[in-house]
Amino acid sequence: MRDFSYFRATSAEDARQAALQASAVMLAGGTTLLDLAKCGVAEPEAVIDITHLSGLDGIAVNQEGAVIGTLAKMAAVADHPDIKAWFPAVSESLSLAASAQLRNMATIGGNLLQRTRCAYFRDPLTFPACNKRNPGSGCSALGGVIRNHAVLGVSEQCIASYPGDLAAALVALDAVVDLGQRQVPVDDFFLPYDHAPERETVLQPGEMILGISIPASVAARNSTYLKVRDRQSYEFAAASAAVGLELESDNRTIKDIRVALGGVASKPWRARAVEQALIGKALEEQTVARAARLAMDGAVSYGDNLYKIELAPRVITRAIMKVGGLA
Amino acid sequence: MTIMETRKHGSAADGLVGGRLSRFEGDLKVTGAATYALEYPVDGLAHAVLVQSTIAAGTVVAVDASQALAVPGVLMVLTPEDDLGLMTASDWYGNRPENQPFLPLPREVTYNGQSIAAVVGESREQAIEAAKLVRVIYEEKPGIADIDDAKAGKGKLMDNLSVAWGDAEAAFAAAPVRVEAEYRTPREYHVAMEPHGLTAKWDGDQLTVWEPSQWTHGMQRNYAEWFGLPIENVRMISPFIGGGFGSKGVALPYGAVAAAAARKLGRPVKLAVTRPQNFTSYGGRAATRQTIALGATEDGVLQAIIHRGANETSTYTDYPEQTGAATPILYKVENFSSQSRVVPVNTVTPGALRGPGKNPSAFGIECAMEELAYKLGMDPLELRLKNYADHDYQSGKPWSTRQLREALTQGAEAFGWSRRSHEPRSMRDGRQLVGWGIGCGTFPVLRAPSAAMIRILANGRVEVVSGAIDMGQGTYTILAQTASEALGVPVDQIDVVLGDSRLPGSAIAGGSMLAGSITGAVHKTAAAARDELIGLALNDPNSPLRDTGANTLTVSNGRIASELGQGPALSLPELMAALGRTEIEVVRNTLPEDAQSLTDQNAAWSSMARVQGPTMGDYSMHSWCAHFAEVRVDEDFGTVRVSRIVSAFDCGRLYNPKMVESQWRGGIIMGIGQALFEEGLVDGRNGRTINNNVGDYLVPTNSDIPHIQVISVGVPDHQASALGGKGVGEVGIVGVAPAIANAVFHATGKRVRDLPLTLDKLL
Ligand SMILES: Cc1cc2nc3c(=O)[nH]c(=O)nc-3n(C[C@H](O)[C@H](O)[C@H](O)COP(=O)(O)OP(=O)(O)OC[C@H]3O[C@@H](n4cnc5c(N)ncnc54)[C@H](O)[C@@H]3O)c2cc1C
Ligand code: SF4
């Protein structure tokens, strides 16, 4: 049996101290961690249980925005009436993720830190080469079955996609991760995989997520999360779009727009080129569709995920037309 | 037992045959009181974990178990070095090679995910950790990953599967309207909710195995032959099974490993096959390819069908997934030709998965028929009715019963088919393209003998006892109903005991043959028990009914009395008390008179030797169905949602319509999964199925399943079985995938000929 030490933290400070040990991981809902331990990817020597920390599961919404503690459950955030009212993309991204059982267990911080679903990453005995697990060992996915791998922010180092839904919504809405000593925009919190795939976030040893905050905005209030996949539920996105929209008083000219993508990139992917192309333009399907294609600038497919380059702009377009009330 | 729902079909009371009695064991299952194989508390258990290969082909040069053995709690590591002393068992038909050792942990690796070692530890966690530390040194050989691998070639022709009549080539060449295309289905898996596994325990030379089983007697024999034991020394226990779908009908190599480890250690051993290992410890449905050419006249009369099929198999066994199984019998055609090949690749030998053969076969012919309909500009329903087969053109025999016309017309009526607009892409709902399609299905009636025991106890309760199993299809329930009707005893006085090889033998719960077989045996036994009871009541000196002058008695509602009301009406406990009997036990079977020896009986219950195919007799006997599917395909995303299904079935008489409807719906749900999601993704470099878990191998969720309306159009078929039923379990899935693929074509104008219908193929 693989032994590890177990430490139940009683304060965030405790937890951070303990996390400085070699090969330490935090345990929140455990839905990612246990899975990865079972397939031999996570082999921690120290497990720091943060589920008993008090005051970290709050959900507070006011005019400024929302503040959500890291231990808030996915289900609780998804179903929170103020989150639904003021940040529909966030609520939708969570209720379309995973399954009811998982959403009842899993936390917001753990959700952000979920790992890729790359099958090669998750089968170390059969596929030893994986730059994400073992830097410099190569990438087993190249030349393999990669229908769900990423097309943006990838290189021959790693083509894995970041699978989470919530993070795309947070990136679109300019949310910030609270690390205690520092506050990092979610967009900067995640690193693209193209050079050092083993480094996914800016999180340093001894740091932990305390929560996230999402600034209120008209675009946030008028937002949506559109997730496209073969199976109606309980599947990761083939492509998804988180979109927020504010129109001018003429009710057709785009004043502010936020677009982020899930399921197609190595990190939650803000599509700023699409936003810039649309600000000041009339909300009209052809214009939107043309702009949406800009999201795929620089996209590369190494095989059978080519369809994502076609699919993602269509998802963006539909999502924008939907928040614009036109689809 | 309470009746949960009012009756909707039939005239029988709910507790009798044909009634809508709720599942006998349902409350045990929903309250968690049903004990499944791996839950049996057995003292002193050790835990075995399999180590499987990570290459497609090669030889195990050495296994270094030193690190594994150093893990605390590890008791033993079995490797190809260990002589387990096992002999190869008989095949399904009872044929056994002589003096052939059986190596469940072979040195030759013929597929990725083959078991090559096993670690046994005090705890499962210890064994799992140690299993990761077993170092296997291979001499790797080039492998063939799958049927698409360029090295796979065309495979071998299976001569026994070639079927031909008329001159198909000439008729096709001469036909004014022709279609020809290739259809493909991928590797599919059973993914039963309950994974495989067992606990094996020895007491001297007696072996007890707790393992989910679709066939306790067949697997009992399997274990006995491996270990060189008299068959009665092995006991298979399997009262509840969490789904089998064809995967739990034979003992598998991991079972031999666990039992051999238990014998070596002198301790009971539990082996739970992990979910990823369930993808390679036994075979799923083989990937198939088939080309179908149809020739027709301009007004849609079929002139020729040419079928050329192939499926992948392992390098060590030729397993045919018969893509030509449904092709010859669905339609009237004077010129027919079918050939099938198997293509050896480095995979575990594929196996039977719900609707084997008929399922991929129907995908081919039923898609091809709709392609022909569109080519002709004809309604696909009309084309099917126009070419209705009045008899079986393959065997030349009349159908015993065939209500497929009724299935098509009544299904169409319920679906509203007449409101269809013919042109593809002509129906929509916002951005959803709407399409309708039909798929017909069939499954042969297989007949087999079974035995049963009835025990009438002093307290008036009646036990129905059989080694048959119930994996959710309703054996417990329909046997209670059958015995209730034949005996004249209310169903709530009846207990059913199943799933133990010590009990009377039965047909396998597979090939849709169990219900017809075991109800026949129970009916016969219960009638004999009733006769015995009446005989005792009339003749026993202590019977209060002896001197009443009645020359016969009836048993009704649990009371025995004379028809004319002479003398008392006795309850069973009253009669048993008067007779001074603690029980009356009657055993009968449905084997012929000249096959009642012990050897004949053992062979009948533990092999397929006595199974009769659909045309062994004067008739051709099959179940039939017609599925009508409605889909919505997003015009931008290519996502397919099934929004409505109506299916009409001819399965003869239904012993319990409620149970049957669940089975049909279950088959249809599986068919939706097959149509839209299911596909083993094989890495071409090492032949590994990389989506070997239920997170990545997708089966339908609740939200993928629309309202499913099922209709029975069957009539009792007494050629097919004693009580008039035909099989219901397999046929439900057959024809679903083509109905959906046809609907997707109607919605989009795009013909996708390879399953599953994922969005990337429709973008
Ligand atoms: C079958 C399946 C399907 C799924 N489908 C989806 C889906 O469709 N969409 C989707 O978005 N997600 C999906 N998920 C992922 C799921 O949302 C995540 O597993 C879950 O959100 C993780 O949260 P947790 O609290 O259980 O994290 P844990 O497993 O407890 O932790 C995950 C990681 O984060 C670290 N961690 C946790 N909290 C902190 C903290 N406060 N500070 C620093 N480190 C921390 C842990 O050390 C660990 O490394 C799916 C998961 C499964 C198993
Ligand atoms: S894609 Fe990334 S995670 Fe997957 S095998 Fe390659 S390096 Fe590893």
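Fair warning: this is a prediction, and the values are worked out from it, not measured in the lab. Per chain, the residues get numbers from 1 upward, laid out in the order the sequence is written. Chain letters and ligand numbers both follow the written order, the letters beginning at A and the numbers at 1. Totals for whole chains, interfaces and linings use every residue, but because this is a predicted model, local features are given only for residues with pLDDT of at least 70 and side-chain atom pairs only at 80 or more, for both listing and counting. Note: side-chain values were computed over all heavy atoms of the structure, leaving out hydrogens and water.

### Details of the overall build of chain A
Scanning chain A for helices and strands turns up 13 helices and 12 strands. The quantity called the radius of gyration is restricted to C-alpha atoms. Its globule counterpart is 2.2 Å times the number of residues to the power 0.38. Taken over C-alpha atoms, the radius of gyration comes to 19 Å for chain A, in line with the 20 Å a tight globule of 327 residues would show. Its C-alpha atoms give chain A principal-axis dimensions of about 65 × 50 × 35 Å. By the convention used here, residues are in contact when the closest approach between their heavy atoms is within 4.5 Å. Sequence separation of 24 or more characterises 63% of the internal contacts of chain A that already satisfy a separation of 6 or more. A total accessible area of about 13000 Å² is found for chain A, and carbon and sulfur atoms account for 52% of it. Every helix listed is a DSSP run of H or I at least four residues long, and every strand listed is a run of E at least two residues long, numbered separately from the N terminus. Per-residue accessibility takes into account occlusion by the displayed protein chains alone, with areas from the Shrake-Rupley method and a 1.4 Å probe.

### Considerations on the site of ligand 2
Taken together, 14 residues form the shell around ligand 2, and within it Cys118, Cys130, Cys139, Cys158 and Ile159 of chain A come nearest. By residue class, the composition of the shell around ligand 2 is 9 nonpolar, 4 polar and 1 charged. Only heavy atoms are used to decide nearness, and a residue is near a molecule or strand if one of them lies within 4 Å of it. Amino acids are sorted into nonpolar (Ala, Val, Leu, Ile, Met, Phe, Trp, Tyr, Cys and Pro), charged (Asp, Glu, Lys and Arg) and polar (every other residue, Gly among them).

### Observations regarding the packing of aromatic side chains
Each aromatic ring pair is described using two quantities: the centre-to-centre distance and the angle formed by the ring planes. Between rings of Phe, Tyr and Trp, where Trp is taken as its six-membered ring, a pair exists when centres lie within 6.5 Å; planes separated by under 30 degrees are stacked, by over 60 edge-to-face, and by other angles tilted. If you walk through the whole model with that rule in mind, you get 24 aromatic pairs over all chains. A centroid spacing of 4.7 Å and a plane angle of 80 degrees characterise the contact between tyrosine 120 of chain A and phenylalanine 127 of chain A, whose relative ring orientation is edge-to-face. Only protein chains enter the calculation, and the probe is 1.4 Å; a residue is then buried if its accessible area is under 20% of its type maximum, exposed if over 50%, and partly exposed in between. Taking relative accessible area as the criterion, tyrosine 120 of chain A reaches 1% and is therefore assigned buried. Aromatic side chains phenylalanine 415 of chain B and tryptophan 417 of chain B sit 6.2 Å apart centroid to centroid with 45 degrees between the ring planes, which places their arrangement in the tilted category. What makes tryptophan 417 of chain B buried here is its relative accessible area of 3%. By way of ring pairs, the aromatic residues Phe415, Trp417, Trp436 and Phe628 of chain B are connected into one cluster. When the NZ atom of lysine or the CZ atom of arginine is within 6 Å of a ring's centre and also within 35 degrees of its normal, the charge is said to sit over that ring. One Lys or Arg, arginine 402 of chain B, reaches over the ring of tryptophan 624 of chain B and ends 4.1 Å from the middle of that ring.

### Details of the interface of chain B and chain A
Contacts between the two partners involve 33 residues from chain B, matched on the other side by 35 residues from chain A. When two components associate, each loses some accessible surface as probed by a 1.4 Å sphere; the sum of these losses over both components is called the buried area. Of the roughly 3100 Å² buried at the junction of chain B and chain A (both faces included), carbon and sulfur atoms supply 55%. Definition used for salt bridges: Asp or Glu carboxyl oxygen within 4 Å of a side-chain nitrogen of Lys or Arg. On inspection of chain B and its partner chain A, the count reaches 5 salt bridges. For aspartate 123 of chain A, the salt bridge identified is with arginine 688 of chain B, shortest N-O distance 2.8 Å. Whenever a nitrogen or oxygen atom comes within 3.5 Å of another N or O atom, the pair is scored as a polar contact, on the condition that within protein one atom can donate a hydrogen and the other can accept it, and that pairs from neighbouring residues in sequence are kept only if both atoms are in side chains. Across the chain B-chain A interface, the total number found is 16 residue pairs in polar contact (both at pLDDT 80 or more).

### Things to note about the UniProt feature "domain: Aldehyde oxidase/xanthine dehydrogenase a/b hammerhead" (unreviewed entry) in chain B
UniProt positions are given in the numbering used here, feature names are shortened, and annotations may be inferred rather than shown by experiment. The UniProt record annotates "domain: Aldehyde oxidase/xanthine dehydrogenase a/b hammerhead" (unreviewed entry) at residues 31–142 of chain B. Annotated as 12% helix and 30% strand, the span residues 31–142 of chain B places its first and last C-alpha atoms 51 Å apart.

### Some remarks on the sheet that holds strand E1 (residues 5–8) of chain A
Residue and element names in this part refer to chain A. Reading across from one edge, E1-E3-E2 is the order of the 3 strands in this open sheet, with parallel pairing throughout. The open sheet is flanked by E1 and strand E2 (24–27), the only strands paired with a single partner. Adjacent strand axes in the sheet meet at a mean angle of 25 degrees when their direction is disregarded. As defined by bridge partners, E1 adjoins strand E3 (residues 46–49) across 4 bridges and the pair is classed as parallel. Two strands pair under a simple rule: DSSP has to find at least two bridges between them. Fitted lines through C-alpha atoms serve as axes, helices being fitted only where they are in contact, and the angles separating the N-to-C directions of these axes extend from 0 to 180 degrees.

### Overview of the domain arrangement of chain A
All names here are of chain A. Residue ranges assigned to each domain were obtained from an automatic or database domain assignment. Taken domain by domain, chain A comprises domain 1 (5–49) and domain 2 (59–113 + 162–323). On a C-alpha basis, the centroid separation for the pair domain 1 and domain 2 is 27 Å. With 9 residues of domain 1 at the contact, the number on the domain 2 side is 13 residues. Between domain 1 and domain 2 the total buried area reaches about 850 Å² when both faces are included, carbon and sulfur atoms providing 69% of it. In terms of surface lost to domain 2, no three residues of domain 1 exceed Arg16, Gly29 and Thr31, which account for 54% of the buried area on that side. Applying the counting criterion to the domain 1 and domain 2 interface returns 0 residue pairs in polar contact (both at pLDDT 80 or more). The element contributing the most residues to the side of domain 1 that touches domain 2 is helix H1 (residues 12–18), with 3 residues.

### Examining the domain arrangement of chain B
Residue and element names in this part refer to chain B. On domain assignment, one finds that chain B holds domain 1 (39–142 + 197–211 + 251–272), domain 2 (288–445 + 615–761) and domain 3 (447–606). Placing the centre of domain 2 and that of domain 3 at their C-alpha centroids yields a distance of 39 Å. On the side of domain 3, 16 residues touch domain 2, which itself brings 19 residues to the contact. Taken together, the two surfaces of domain 2 and domain 3 that pack against each other cover about 1200 Å², and 57% of this comes from carbon and sulfur. It is Tyr655, Met659 and Leu723 in domain 2 that bury the most area against domain 3; as a group they hold 39% of the surface buried on that side. Across the domain 2-domain 3 interface, the total number found is 0 salt bridges. Put simply, domain 2 and domain 3 have 5 residue pairs in polar contact (both at pLDDT 80 or more) between them.

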